[in-house]
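# Results of the structural survey
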Amino acid sequence: MTQADVCRVYEQESMRQVLGDTLRPGGLALTVRALDFCALPAGAKVLDVGCGAGATVQLLRDHGCWAGGLDLSAVLLQSGRQGSPRLPFVQADGVRLPLVDGQLDAILAECSLSILAEVETALAEFNRLLRPGGYLIISDIYARNPAGLAALRELPLDSCLKGAFNRPELAAQLAGDGFELVMWEDHSEVLKHLAGQLAMTHGSLAEFWRKGTGSSLDAWDVQLAMARAKPGYFLLIARKGRPADG
């Protein structure tokens, strides 16, 4: 799976029909929850990594932040520019960010970290860009049964499912990159709701993935992998550590 492959999946009209402009489970509700928790001041500098068509960027600006978006998909960015020509967008991946060190108050990665091939590199980049005490907001898919991750990895899909996280390992990665985990919430109900919508719209989850990716999937393989891993959805907030005094 490459990030470009996943971009092509999320550019599909079938995806936007179900997921809307946010292209993720839960829509903007989890974003608002995170903003309420962080209580960012007016004028805070915020970057949305994997911004798609820019729904979160617009929300951030409505909250008084100076916000910009970054995405690898030219198709999604163009859609965002057509709807909101003044929103600042940059086409780039999430592991080589063309910005200055220590300038951001917050970074959001909403259902985008799991599709990056180099998660550790991305976390190090996020740390570089954030000021001390700055917030990292991540919402994404994780395996509630980490023992089932191998089954998800083996599915012939270009999607966030293949990059689902192991909670203890992600927490350890964040700590290793200089972040303090200050909040973790399980929001698996939004993933369950989305799965129901997809199955109702397309007949089954396997049929949805077949249409979106062109893969030849066996419905039983998908169901078995999901049953083993028990995919869930989380919202976490971490803070970049402050330099030690003296």
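Described in the following lines is the structure provided in the data block. Think of each chain on its own: its residues are numbered from 1, step by step along the sequence as written. Only residues with pLDDT of at least 70 get local features here, since the model is predicted, and only at 80 or more are side-chain atom pairs given and counted; chain-wide, interface and lining totals rely on the full set of residues. For side-chain calculations, the full set of non-hydrogen atoms in the structure is used, while hydrogens and water are omitted.

Scanning the chain from terminus to terminus reveals 11 helices and seven strands. With 246 residues in all, the chain has 52% of them scored as buried. It only takes one pair of heavy atoms within 4.5 Å for two residues to be counted as in contact. For the chain, the proportion of contacts with a sequence separation of at least 24, taken over those separated by at least 6, is 72%. If you sum the accessible surface of the chain, you get close to 11000 Å²; carbon and sulfur atoms cover 52% of it. Numbering of helices and strands starts at the N terminus; helices are DSSP runs of H or I of at least 4 residues and strands are runs of E of at least 2. The buried label applies to any residue whose accessible area, calculated with a 1.4 Å probe on protein chains only, is under 20% of its type's maximum; exposed applies above 50%, and partly exposed to all values in between. For the accessible areas, the method is Shrake-Rupley and the probe is 1.4 Å, while residue cover comes only from the protein chains on display.

Moving on, we come to the nonpolar core. Only buried residues count toward a nonpolar core. Its members are Ala, Val, Leu, Ile, Met, Phe, Trp, Tyr and Cys residues joined through side-chain atoms within 4.5 Å. If you look at the biggest cluster of nonpolar residues, it comprises 28 residues, and the most contacted ones within it are Leu113, Phe126 and Leu136. Looking at this core, the elements that each hand over two or more residues are β1 (45–49), β4 (104–110), α6 (119–129), β5 (130–143), α8 (167–176), β6 (179–186) and β7 (231–240). No other element matches the five residues that α6 contributes to this core. Excluding anything up to four places from it in sequence, Phe126 contacts Val49, Gly94, Leu97, Ile107, Ala109, Leu113, Leu136 and Phe179.

A few words now on the sheet that holds β6. The mixed open sheet is built from seven strands, whose spatial order is β3-β2-β1-β4-β5-β7-β6. Two strands close off the open sheet at either side, each with one partner strand: β3 (89–91) and β6. Within this sheet the neighbouring strands show an average axis-to-axis angle of 20°, counted without direction. Two strands qualify as a pair provided DSSP detects at least 2 bridges between them. Sheet topology places β1 next to strand β2 (residues 66–71); five bridges connect them, and they run parallel. Across the sheet, Lys45 pairs through a bridge with Trp66, a residue of β2. Fitted lines through C-alpha atoms serve as axes, helices being fitted only where they are in contact, and the angles separating the N-to-C directions of these axes extend from 0 to 180 degrees. Against the sheet, helix α5 (residues 74–83) engages β2 and β3, with an angle of about 165° to β3.

In this section: helix α9 (residues 188–202). The span you would expect from a helix comes to 1.5 Å times its residue count less one. Under the 1.5 Å per step criterion, the end-to-end length of α9 is 21 Å for 15 residues, consistent within 8% with the ideal 21 Å. For α9, the full list of buried residues reads Ser188, Val190, Leu191, Leu194, Leu198 and His202. For α9, the arc enclosing every buried residue in end-on projection is 150°, short of the 170-degree limit, so these residues lie on one face. The outward face of α9, more than 90 degrees from its buried face, is lined by the exposed residues Lys192, His193 and Met200. A positive backbone phi angle near 95° is found at Gly203, which sits one or two residues after α9. Summarising the geometry, the arc corresponds to the directions from the helix axis toward the C-beta atoms.

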